Amino acid sequence: MASTNPAAGSGTDAPKIIWNQAQRRFETEDKKAYLQYLIKNGGKVMDMIHTFVPSSKRGLGLASHLCLAAFNHADAHSLSVIPSCSYISDTFLPRNPTWNYLLYSEEKKSNL
Ligand code: COA
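Under the annotation held in an unreviewed UniProt entry, the chain carries the name N-acetyltransferase domain-containing protein and is attributed to Cucumis sativus.

Structural data, given as structure tokens:
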């Protein structure tokens with residue numbers, strides 16, 4: 001079950017991440033760190049295109065918290081995920097492989 005994912009995000013020190021539906025972002029309260037996505041395939045697919053954390057806050061797992069919020073959202077809304085952002089595909093998913101079940105398949109991706 002996704003909620004038991006062992007990655008950072010379940011502790012009491014987890015930063016508050018807000019879903020900004022209008023701007024298609026998951027972001028910190030100050031909006032300075034965010035994960036940007038697009039909705040594709042008639043609303044069934046979430047293409048996570050960019051993750052950004054201000055340089056002064058990098059290396060603390062903040063991007064990981066943003067990803068957890070986004071993947072939990074995708075799971076709760078039955079969305080498949082395209083990890084276009086290199087942080088997500090090259091760092092977050094290899095470190096949190098239990099989320100791979102949400103990934104959109106390559107064959108379907110070509111139909112978008
Ligand atoms: N692609 C893949 N992995 C990356 C990366 C990138 N572009 N930039 C950093 N990482 C890795 C680092 O190697 C680091 O590994 P370490 O833990 O072994 O040191 C790890 O991400 C840090 O993870 P975390 O602390 O969760 O990330 P963060 O809060 O520092 O934020 C970024 C990571 C990528 C969001 C941040 O560095 C950033 O905003 N960079 C500029 C924008 C960017 O390149 N975004 C990614 C492409 S869309």
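Having seen the model, we can carry on.
A short note on the site of the ligand
Contacts to the ligand come from 17 residues, most closely from Val53, Gly59, Gly61, Tyr87 and Thr91. Note that a nitrogen atom of the ligand is positioned 2.6 Å from one of the side-chain N or O atoms of threonine 91. Every element with two or more residues in the shell around the ligand is listed here: strand S4 (45–52), helix H1 (62–76) and helix H2 (86–95). Split by residue class, the shell around the ligand holds eight nonpolar, seven polar and two charged.

Considering the environment of cysteine 85
Within the secondary structure layout, cysteine 85 lies in the loop between strand S5 (80–82) and H2. Taking the C-alpha atoms as reference, cysteine 85 lies 6.1 Å from methionine 48; in sequence the two are 37 residues apart. Sequence-distant contacts of cysteine 85, defined by excluding residues within four places in its chain, comprise Met48, Ile49, His50 and Thr51.

A short note on the nonpolar core
If you look at the biggest cluster of nonpolar residues, it comprises 23 residues, and the most contacted ones within it are Leu35, Met46, Met48, Phe71, Ile88, Phe92 and Trp99. Among the secondary structure elements, those contributing two or more residues to this core are strand S3 (34–40), S4, H1 and H2. With eight residues, the top contributor of residues to this core is H1.

Cut-offs used in this document
- Counting starts from 1 at the beginning of each chain's written sequence and moves along it residue by residue.
- In keeping with the predicted nature of the model, local features appear solely for residues at pLDDT of at least 70, side-chain atom pairs appear and are counted solely at 80 or more, and the whole-chain, interface and lining totals rest on all residues.
- Excluded from the side-chain calculations are hydrogens and water; all other atoms, namely the structure's heavy atoms, are used.
- Throughout this document, a residue counts as near a molecule or strand when at least one of its heavy atoms sits within 4 Å of that molecule or strand.
- Any pair of N or O atoms that falls within 3.5 Å is considered a polar contact. Within protein, one atom must be able to donate a hydrogen and the other to accept it, and sequence-neighbouring residues count only if both atoms are side-chain atoms.
- Counting from the N terminus, the helices are the DSSP runs of H or I reaching at least four residues and the strands are the DSSP runs of E reaching at least two.
- In this classification, Asp, Glu, Lys and Arg are treated as charged, Ala, Val, Leu, Ile, Met, Phe, Trp, Tyr, Cys and Pro as nonpolar, and every other residue, Gly included, as polar.
- Any two residues whose heavy atoms approach within 4.5 Å at even a single point are treated as in contact.
- By nonpolar core is meant a set of buried Ala, Val, Leu, Ile, Met, Phe, Trp, Tyr and Cys residues that side-chain atoms within 4.5 Å join together.
- We call a residue buried when its accessible area falls under 20% of the maximum for its residue type, exposed when it is over 50%, and partly exposed in between, using a 1.4 Å probe and counting protein chains only.

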